[in-house]
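Report on the structure
The primary structure of each chain is shown beneath.
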Amino acid sequence: MAEIIAILNQKGGCGKTTTAVNLAAALALNDKRVLVVDMDPQGNATTGFGIQKNEVDSTIYSVLTGNSSVEDATVSTDISGLDVVPSNIALSGAEIELSKEVGYHTILELAMESVAENYDYIFIDVPPSLGILTINCLVAANSVIIPIQAEFYALEGMADLLEAIGLVERRLKSPSPIKGILLTLYDSRTRLGRDVYSNVKEYFGQSEYVFKTTIPRNVTLAEAPSHGKPCIIYDEESSGSQAYVDLAKEIIKIDGTVDSK
Ligand code: ADP
Ligand code: MG
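The name an unreviewed UniProt entry gives the protein chain is Cobyrinic acid ac-diamide synthase, with Methanobacterium lacus as the organism.

Shown next as structure tokens:
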């Protein structure tokens, strides 16, 4: 059964999509079966795998509106064991449409049930808001990874994010424990970078796990999407690629499965 992990932070530009794409690819290269579900109408995770988001027949929008099955919407990638459910701008209409459905917050969860046994990990790339799509992501997820950009305002909005996770747990009886906090766009050479890292650790204290792996600011990570490839395929040697390889290993180790070399 797949662990379903939502990559979540309502702030844009903190590395959610980059993490979904590259962590998924790194785990697939470690022989894991991985599905990436693009829940952002911007479709950046879709594009990041070289999928033409406006040319696909079915997307996560058609799944959520009951017009296709997850299997029908799933696209395989060049990486063995790695599939994607694509998204495009059509999904932006879903917030209003879904709100009229009975039990709208469980639609993604129910859709995922049919494919969960086919994968080891399902990553949901969550849109930058705390609306209905994000609630669907939280209800579907077993756990969340929160990428935090190492900048001065890193923790701004974190209380709202934790509150949203708590509300879904209490009101919808759907807990999504934090699997880890991931520091992204991190520069260990600067004082600011180091300060933010220690602030993040202090903020979460012992209560939450902060990944030992940090993701450096690395231009290759930003370039790879324009080539339609995860960075670890585009340039395996780059520091950004290596960081996601390390993160995949850290997660495999946490999960107690084999291969933590
Ligand atoms: P989000 O999905 O949270 O909005 P993205 O993953 O799309 O964030 O990242 C925002 C922008 O920053 C993108 O252009 C991406 O390529 C770039 N980026 C993300 N992580 C890094 C990094 N570690 N180093 C350099 N650029 C990055
Ligand atoms: Mg994104």
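1. Some details on the site of ligand 1
Around ligand 1, the structure places 14 residues, and the nearest of them are Gly13, Thr17, Thr18, Pro216 and Asn218. Backbone polar atom of Asn218 to a nitrogen atom of ligand 1: 2.8 Å apart, as the coordinates give it. Here ligand 1, which alone exposes 550 Å², has 77% of that area covered by the protein. Elements that contribute at least two residues to the shell around ligand 1 include exactly helix H1 (16–29) and helix H10 (219–223). Among the elements that make up the shell around ligand 1, the one with the highest residue count is H1 (three residues). Split into classes, the residues belonging to the shell around ligand 1 amount to six nonpolar, six polar and two charged.

2. Some details on the pattern of salt bridges
Under the definition given, this model contains seven salt bridges. Of the charged contacts in the structure, one is a salt bridge between Glu163 and Arg170, with a shortest N-O distance of 3.9 Å. Owing to a relative accessible area of 48%, Arg170 belongs among the partly exposed residues under this scheme. Among the ionic pairs, Arg191 bridges to Asp195, the shortest N-O distance being 3.6 Å. Separated by four residues within a single helix, Arg191 and Asp195 lie in helix H9 (residues 191–204), roughly one turn from each other. Given a relative accessible area of 32%, Asp195 falls into the partly exposed group. The structure contains a network of salt bridges with shared partners spanning Glu3, Lys179 and Asp255.

3. Structural notes on the packing of aromatic side chains
Under the criterion given, the structure shown has five aromatic pairs. Plain terms: the ring middles of Tyr121 and Phe123 are 6.0 Å apart, the flat faces sit at 10 degrees to each other, and that makes the pair stacked. Its relative accessible area of 3% is what places Tyr121 among the buried residues. On the accessibility criterion, Phe123 (0% relative accessible area) is buried. Judged by centre distance (5.2 Å) and plane angle (75 degrees), the ring pair of Phe152 and Tyr153 falls under edge-to-face. Exposure remark for Phe152: the relative accessible area of 64% places this residue in the exposed category.

Thresholds, definitions, all that
Residues numbered from 1 in each chain as written. Chains lettered and ligands numbered in written order. Predicted model: local features only at pLDDT ≥ 70, side-chain atom pairs only at ≥ 80, totals over all residues. Heavy atoms only, no water. Near = heavy atom within 4 Å. Polar contact = N/O pair within 3.5 Å; in protein donor to acceptor, adjacent residues only side chain to side chain. Areas by Shrake-Rupley, 256 points an atom, 1.4 Å probe, with all protein chains shown as cover. Helix = DSSP H or I, 4+ residues; strand = E, 2+ residues; numbered from the N terminus. Nonpolar A, V, L, I, M, F, W, Y, C, P; charged D, E, K, R; others polar. Salt bridge = Lys/Arg side-chain N within 4 Å of Asp/Glu carboxyl O. Buried < 20%, exposed > 50% of the residue type's maximum accessible area, 1.4 Å probe, protein only. Phe/Tyr/Trp six-rings, centres within 6.5 Å; stacked < 30°, edge-to-face > 60°.

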